[in-house]
Amino acid sequence: MSKTSTIYLQYIKNYYRSRSFFLMLFLILLIGSMMSYFSFKYVNDLPSFLGGTVFPASMKVNVFYYLWTLVLLYIPVFASVFFGSPAISSEIENKTAYFIFPLPINRYKLFFGKYFAAFTVTMFIVGIYLIFEVFTLSYLLGAIPATYFSYSFIMLVLFILSIMSVTFLISAIFNKNTYAYITVFVIYYIFFEAGSFIIELLYKYTPVYFLNDAASIIERVYININPGNAFVSHIDINPASFSEIMLSALIMVIYAVIALVIGMLLFDKKEVS
């Protein structure tokens, strides 16, 4: 455990010194500021954007948290690409593996140290956005939907764990960062997002087993509308049910565990060529 913590702390330092971290920090500050600006500007214009629908105060709070969380959903994907994609492949591409792999360090400990360092940095970036969200909406609307926010936060953590596991698995396959970057984007936005769209178009069925659909529970705990389900007729402005939350959580846990185990096995067998 002492070696794992040492590896973890060392890679935390590496992340906080990297250009990727400062780029993500700049983007999250920009996005958070823009969301705050639009919230202040349009806080009283929400009904006009929704066809004149008038919501009770409690539902208005949920709508604003839902809109903020729609944007939040994409941040872990980009953070995992920046922090997870080069985690293994960079060791090969930059030739640092020649010095690291021969060291008397268990490969699994090295993998876990890197993994949790990337997870921590991603949570830091996401946490900044959540601070913008809570302070802005608390000032404008007063109430915080504590129960729904807690559900959303827990699902967010599970999503970060799962997408980071998938990213580490991809990074363990390739020896070049560029291939890992591109593959993660292709898998999430073409295989999952576009694939889900096509399945819904052809079969009027939502593939709940896709990671992107499971992750949509992060905003659906406020209002049970999945914006990706353009061809599914059922729309419910009430929060998602507890059973839906548990199903999405289970799916994300399965993705996280399977991808993490396969990624560790690949990393353990990886050789410097």
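Everything numeric here is computed off the predicted structure, so don't read it as measured data.

(A) Here's a closer look at the nonpolar core. One finds Ile75, Phe83, Ile125, Met155, Phe159, Phe168 and Met252 to be the most contacted residues of the largest nonpolar core, which totals 70 residues. Of the residues forming this core, the biggest block, 14 residues, is contributed by helix H8 (residues 107-141).

(B) Broad picture of the UniProt feature "transmembrane region" (unreviewed entry) in the protein chain. UniProt marks residues 21-43, 63-83, 115-142, 148-174, 181-203 and 245-267 with the feature "transmembrane region" (unreviewed entry), using the numbering shown here. Secondary structure content for residues 115-142 is 96% helix and 0% strand, and the end C-alpha separation is 37 Å. When the span residues 245-267 is considered, its composition is 100% helix and 0% strand, and the gap between its end C-alpha atoms is 33 Å.

(C) Highlighting the packing of aromatic side chains. Per the counting criterion, the structure on display carries 30 aromatic pairs. Ring plane angle 85° and centroid distance 5.9 Å describe the contact between Tyr16 and Phe124, whose orientation is recorded as edge-to-face. Of the two residues, Tyr16 is situated in helix H1 (residues 2-16) and Phe124 in helix H8; the sequence distance between them amounts to 108 residues. Given the relative accessible area of 29%, Tyr16 is considered partly exposed. Exposure remark for Phe124: the relative accessible area of 38% places this residue in the partly exposed category. Centre to centre, the rings of Phe38 and Tyr42 are 6.2 Å apart; their planes meet at 15°, and the pair counts as stacked. Here Phe38 pairs with Tyr42, and both are found in helix H2 (residues 19-42), just four residues apart, close to one helical turn. Judged by relative accessible area, Phe38 falls into the partly exposed class, the value being 38%. Members of the aromatic cluster, joined through ring pairs, are Tyr74, Phe78, Phe159, Phe185, Tyr188, Tyr189, Phe191, Phe192, Tyr209, Phe210 and Tyr255.

The rules behind each value
Residues numbered from 1 in each chain as written. Predicted model: local features only at pLDDT ≥ 70, side-chain atom pairs only at ≥ 80, totals over all residues. Heavy atoms only, no water. Core = buried A, V, L, I, M, F, W, Y, C linked by side-chain atoms within 4.5 Å. Buried < 20%, exposed > 50% of the residue type's maximum accessible area, 1.4 Å probe, protein only. Helix = DSSP H or I, 4+ residues; strand = E, 2+ residues; numbered from the N terminus. UniProt positions renumbered as here; feature names shortened; annotations may be inferred. Phe/Tyr/Trp six-rings, centres within 6.5 Å; stacked < 30°, edge-to-face > 60°.

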